Amino acid sequence: MKGWRDLEIGALITEPGNSAEYKTGEWRAWRPVFNRENCIDCMICWVFCPDSSIIVKDKKVVGIDYDHCKGCGICAHECPKSKGDDESKKALVMKPEYLFREED
Amino acid sequence: MAVTMIEERKVVPYSGNMAAAEALRQINPDVVAAYPITPQTEMMHFFADFVANGLVDTEFITVESEHSALSAVVGAAAAGARAMTATAGPGLALMWEILGVASGMRLPAVIALVNRALSSPINIHGDHSDMMGARDQGWIILVSENAEEEYDNLIQAVKIAEDERVRLPVMVGMDGFIISHSIEGVSLLKDEEVREFVGKQRMFHPLLDVEHPTTHGAIAMSDSYMEFKRQQREAMMNAYKVIREVGEEFAALRGKKYEHIEAYKTEDAEYILIVMGSAAGTAKYVVDRMRERGEKVGIIKIRTFRPFPYYDLADAIVASNAKAIGVMDRAETFGGYSGPLFEEVCTALYTRNKFYPIAGLIYGLGGRDCNINHIEEAFDVVKKKAAGEEVPPVTYLNLQV
């Protein structure tokens, strides 16, 4: 972190578009886990994601940007494949973050 | 009020509001946003005249509240404009939220403040409780003794606020009605002189600079908020120097000293009163009168309330023969020992390991008269305190008992 002498006066941001550097993914308590095999590429998750964290390549969902995903769960909620109880058929599943982060 | 340009220096019969409006006209700010409130209304009437008659290039924004007035000023200042407003009492209170925004964003705005009491009961008269309420919002606070000082302080305020070492907003206070509506001789500078003195504004990252896009007023969480507040403290400490420098520069133009404090006949004084605002003028007269009777009295007038001139004040007291000191406050701090100025004076002395008997005096709340008799009464309290007699922590002057 910068010391008080090095910070821009008045909390000014002089570099445009730098919010991408703000890793909002650090806030996450629940993690969406993507299963490519079950995905039908309907793009509903991509449309609904408030953080633009669904990564799409060549019209196909390829993964999730965990640097910025806050774990809100909207993608899993809206995913048509994730309705019902059968875990093996879901394309997006929310799992607690502690399962993935060793330091927790 | 004649709507003319001032080509030659002259002394005119002006009220404080007229003098402040004239200062605003000569400064010719880019934006003025204001909402009328007694006793400031008249000032903005005069200024609206100037705008309507084309004597200023100012964009005059008539808003629907003081909260909006200062918001517009903050927006304008961030965009790169020299922006000013005027207010009084409850109007300043309504600006409260934005006061911190302006200072936190380090924008050089200026408020011409007509000090007025706060409700309740409703009161429109001179009182420092509005300014004292805004004390910790990071604004530089200058206090004027009379209309001419308000005029002079406003001109200096622009330069202080815009100094790159400072970049903090400034409010310049004058007592409501006592100064704002009383006609007195005011010596005006030439338009040209004022324009030259305030100069062109050097902007720091203005929003309207589309070549270099910036974000003003961003969020800072617990990881950096404190660092920004530390920057503001530094700016205030710089302001202490800058106010002195600007005062000296102005003195060269004006031929009249402007320092943080004004020590009046304190060198050999045994009893000293510390006063702020219009009462300082009355107190000087009383000091002269009492000196004729051979009494060793003096006063110290505080011109800069924020940043508070702790060193100047302590130096002046230590250099005198003070046996006791009285501190006159035109505001209450309910539940505190005495008024806000009292606390500052105690801090100034205590931190220098100097201890004097100090009496707290509260006067003039809601425009209550404070005439020569009351100042003499105040000196009596100080004398009692010096003689070791018991004096209550706070003496209310001119109170019906």
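Just so you know, these numbers come straight off a predicted model, no measurement behind them. Within every chain, residues take consecutive numbers counted from 1 along the sequence as written. Chains carry letters and ligands carry numbers; both start at the beginning, A for chains and 1 for ligands, and go up in the order they are written. It should be noted that, the model being predicted, local features are given only for residues of pLDDT at least 70 and side-chain atom pairs only at 80 or more, the latter also being counted only at that level, while totals for whole chains, interfaces and linings use all residues. Heavy atoms throughout the structure, all of them, feed into the side-chain values; hydrogens and water do not.

> Teacher, can you tell me more about the overall build of chain A here?
By the criteria applied, helices consist of DSSP H or I runs no shorter than four residues and strands consist of E runs no shorter than two, each listed in order from the N terminus. The secondary structure content of chain A amounts to 2 helices and 4 strands. Secondary structure elements of chain A occur, N-terminal to C-terminal, as β-α-β-β-α-β. Taken over C-alpha atoms, the radius of gyration is set against a globule rule of 2.2 Å times the number of residues to the power 0.38. In terms of C-alpha radius of gyration, chain A reaches 17 Å, well past the compact-globule figure of 13 Å for 104 residues. Oriented by its inertia axes, the alpha-carbon framework of chain A measures out at about 55 × 35 × 20 Å. Per-residue and other accessible areas were derived by the Shrake-Rupley procedure at a 1.4 Å probe size, with only the shown protein chains allowed to occlude residues. By element, 52% of the accessible surface of chain A is carried by carbon and sulfur atoms, the whole surface being about 7,100 Å². Distance from the positive charge centre (16 side chains) to the negative charge centre (19 side chains) of chain A: 5 Å. Residues scored as charged are limited to Lys and Arg (positive) and Asp and Glu (negative), so that His and the chain ends carry no count. Here the site of a charge means NZ on Lys, CZ on Arg, CG on Asp, or CD on Glu.

> Before we go on, may I ask you to explain helix H10 (residues 279-292) of chain B in this structure?
In an α-helix, one full turn covers 3.6 residues, which means residues spaced three or four apart are oriented alike. Residues and elements named next belong to chain B. Taking 1.5 Å of rise per residue, 14 residues should cover 20 Å, and H10 covers 20 Å from first to last C-alpha, within 8% of that figure. All of the buried residues in H10 are Ala279, Ala280, Ala283, Lys284, Val286, Val287 and Met290. The buried residues of H10 occupy one face: seen down the axis, they fall within an arc of 165°. Here, two residues are considered to be in contact whenever any of their heavy atoms come within 4.5 Å of each other. Tucked into the core, H10 has its buried residues touching strand S7 (170-175), strand S9 (261-264), strand S10 (271-276), strand S11 (297-302) and helix H13 (372-386). Backbone geometry just after H10 places Gly294 at a positive phi near 85°. Expected helix span is taken as 1.5 Å per residue step, with the number of steps being one fewer than the number of residues. Under the scheme applied here, a residue whose accessible area is under 20% of the maximum for its type counts as buried, over 50% as exposed, and between as partly exposed, the area being computed with a 1.4 Å probe on protein chains only. Think of it as the arc spanned by the lines of direction from the helix axis to the C-beta atoms.

> When you look at the pattern of salt bridges in this model, what are you seeing that I'm missing?
It is possible for side chains of opposite charge to pair when their charged atoms get near one another. Residues and elements named next belong to chain B. A carboxyl oxygen of Asp or Glu within 4 Å of a side-chain nitrogen of Lys or Arg is what we treat as a salt bridge. Tallied over the full model, the rule gives 35 salt bridges over all chains. The salt bridge partner of Arg135 is Asp136, with a shortest N-O separation of 3.7 Å. Asp136 sits in the exposed class, given a relative accessible area of 55%. Measuring nitrogen to oxygen at the nearest pair gives 2.9 Å for the salt bridge that ties Arg165 to Glu245. Linking Arg165 in the loop between helix H7 (147-162) and S7 with Glu245 in helix H9 (residues 225-254), this pair joins segments that are 80 residues apart in sequence. For Glu245, a relative accessible area of 37% translates into the label partly exposed.

> Hey, could you run me through the layout of surface pockets in this one?
Gaps between atoms show up when a probe of the same size as a water molecule is rolled over them. In this structure, the largest pocket spans a volume of roughly 1,000 Å³. Residue polarity is assigned by list, with Asp, Glu, Lys and Arg as charged and Ala, Val, Leu, Ile, Met, Phe, Trp, Tyr, Cys and Pro as nonpolar; anything else, Gly included, falls into the polar class. For the lining of the largest pocket, the per-class residue count stands at 12 nonpolar, 6 polar and 6 charged. A cavity here means a set of points on a 1 Å grid, drawn over the protein atoms and nothing else, where a 1.4 Å probe fits but cannot get out; a pocket is an open set with protein on both sides within 12 Å along at least five of seven lines, and a residue lines either one if it has an atom within 4 Å of a point. Grid points are joined across faces, edges and corners, and a volume is the space filled by probe spheres set on the points.

> Can you help me understand the interface of chain A and chain B in this one?
Reports often express the size of an interface as the amount of accessible area lost when the parts come together. Facing 14 residues of chain A, the contacting portion of chain B comprises 18 residues. When the two sides are added together, the surface that chain A and chain B hide from each other amounts to roughly 1,500 Å², 68% of it contributed by carbon and sulfur. Accessible area, probed at 1.4 Å, shrinks when two parts are joined; the buried area is that loss added up over both. If you sort the residues of chain A by the area they bury against chain B, A:Trp4, A:Ile9 and A:Leu12 come out on top, with a joint share of 41%. In this structure, the connection of chain A to chain B is made through 0 salt bridges. What qualifies as a polar contact is a pair of N or O atoms within 3.5 Å, subject to a donor-acceptor requirement within protein and to the restriction that residues adjacent in sequence count only when both atoms come from side chains. Summed over the shared surface of chain A and chain B, the number is 3 residue pairs in polar contact (both at pLDDT 80 or more). In terms of residue class, the side of chain A that touches chain B is built from 9 nonpolar, 3 polar and 2 charged.

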